[in-house]
Every structure is written in structure tokens, then in C-alpha cells.
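This is what each chain is made of:
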Amino acid sequence: MKKTFVTLFVFIILVSSSYGLIKFWPYIFSKDIEGQVIKVERLVDPMAVAVMNGQEGPSTKMFSFAVAVKDQTTGEIFTGSTEDRQWAAVEGDGFCGVARFFPYAPWQLEKAGTYFGVRLLKLWACTDKKPEQ
């Protein structure tokens, strides 16, 4: 009887930890990149977005951006896509910041190794001193 309970307990722990890993993969393996914002490109011109299916309000496509941030320690440029409206505030060159990149899970074969949902955590002019936490 005791062996059955131990086996059941181990099985439940294994299943729940596997579920947690699969469900929260992007959050567990996210990267915070600090460096210069190389480029923020709006994917769709706001004037080109029309109201679709009788829905009122702006489409999420209007706030879709492609983001590139150069890591200040390694020099590697990280790119990702996002619908975070904060990126609309980054216009032109000369901005530095901290961005959190969320990776696609490796079992999503077409997108494995790329990033989505890039969040802007901090932003400052590169000529300024980095703000303290």
C-alpha cells in the first residue's frame, strides 16, 4: 500500500513539474538584455489599419513592432517581435535600455531559437548615465 502511494506521489510531482515547464517555458528562460536599442520598426503603418469585422478601436496590428537591441557586454544583437505599446516611445537612435526577451519553446520547430513579446523594462538616452534601480 505504501509503495502505491509513493508511486502515485512521484507520478503527480513528475506530471505537474512537466506541465509547469511546458506552460511557463518563456518566463523561465527569458533573457534581460541591457544595451543600445538598434532599431524599432513598426510592422504596420497606423494609417493602413482599418476597422475589421465591425470592431471598434485600434487593431493589435497597429502596435506590432520588430525590435533589435545590442547587448552591451557581448555585442550580440537580439531581435524579437512584440505588441508592447511602450516601444512606440522609442523613436530614432540614441536610446539605451533594458528589454526582456521571451523565447519560443524548442518544440515549436518553426520558431525555435527566436523571441516574441519583447518587453521594455527601462529606457534612457545613451548619452545619459544609466539610471539606478
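Residues numbered from 1 in each chain as written. Predicted model: local features only at pLDDT ≥ 70, side-chain atom pairs only at ≥ 80, totals over all residues. Heavy atoms only, no water.

### A look at the overall build of the chain
Looking only at helices and strands, one finds two helices and five strands in the chain. Helices and strands in the chain line up, N terminus first, as α-α-β-β-β-β-β. Out of the 133 residues in the chain, the part that is buried amounts to 27%. Accessible area for the chain stands at about 9,600 Å²; split by element, carbon and sulfur atoms hold 60% of it. (Helix = DSSP H or I, 4+ residues; strand = E, 2+ residues; numbered from the N terminus. Buried < 20%, exposed > 50% of the residue type's maximum accessible area, 1.4 Å probe, protein only. Areas by Shrake-Rupley, 256 points an atom, 1.4 Å probe, with all protein chains shown as cover.)

### Observations regarding the state of the cysteines
Evaluated as defined, the whole model comprises one disulfide. Cys96 shares a disulfide with Cys126; S-S distance 2.0 Å. In this structure the cystine formed by Cys96 and Cys126 twists about its S-S bond by roughly 105°; its chirality is therefore right-handed. Highlighted residues: Cys96 in strand E4 (residues 95-103) and Cys126 in the segment after strand E5 (115-125), separated in sequence by 30 residues. For Cys96, a relative accessible area of 13% corresponds to the buried category. Judged by its relative accessible area of 30%, Cys126 is partly exposed. (Disulfide = S-S within 2.5 Å.)

### Some remarks on the packing of aromatic side chains
Scanning the model with the defined rule gives nine aromatic pairs in all. With a centroid separation of 4.3 Å and an interplanar angle of 40°, the aromatic rings of Trp25 and Phe29 are classed as tilted. The exposure class assigned to Trp25 is buried, which follows from its relative accessible area of 17%. Judged by its relative accessible area of 40%, Phe29 is partly exposed. Each ring, one from Phe102 and one from Phe116, has its centre 6.4 Å from the other, and the planes form 40°; the classification is tilted. Pair noted here: Phe102 is in strand E4 and Phe116 is in strand E5, with a separation of 14 residues, a long-range link. (Phe/Tyr/Trp six-rings, centres within 6.5 Å; stacked < 30°, edge-to-face > 60°.)

### Side note on a nonpolar patch on the surface
A cluster of nonpolar side chains, Met1, Phe5, Leu8, Phe11, Ile12 and Val15, forms an exposed patch at the surface whose accessible area comes to about 670 Å². Mapped onto the secondary structure, Leu8 falls in helix H1 (residues 2-23). (Patch = residues over 30% accessible without salt bridge, like charges linked within 9 Å, V, L, I, M, F, W, Y side chains within 5 Å. Salt bridge = Lys/Arg side-chain N within 4 Å of Asp/Glu carboxyl O.)

### Some details on the side chain of Ser64
As for its position among the elements, Ser64 is in the loop between strand E1 (31-42) and strand E2 (65-71). Every residue in contact with Ser64, bar those within four places of it in the chain, is listed here: Glu41, Arg42, Leu43, Thr82 and Glu83. (Contact = heavy atoms within 4.5 Å.)

### Focus: the nonpolar core
In terms of nonpolar packing, the biggest core is built from 16 residues, with Val69, Trp87 and Phe101 touching the most fellow members. At the level of secondary structure, the elements contributing two or more residues to this core comprise E1, E2, E4 and E5. (Core = buried A, V, L, I, M, F, W, Y, C linked by side-chain atoms within 4.5 Å.)

### Quick word on the pairing of E2
Both faces of the sheet carry side chains from a regular strand, because those side chains alternate between them. E2 sits mainly inside the fold: five of its seven residues count as buried. Relative to E2, E1 runs antiparallel, the two being bridged by seven bridges. Bridging across to E2, Val40 finds its partner in Val67. Judged from the six bridges that link them, E2 and strand E3 (residues 77-82) form a sheet pairing that is antiparallel. Bridged to Phe65 within E3 is Thr82. If you look at the hairpin formed by E2 and E3, you'll find five residues sitting between the two strands, and Gly75 has a positive phi there, around 85°. (Pairing = 2+ DSSP bridges.)

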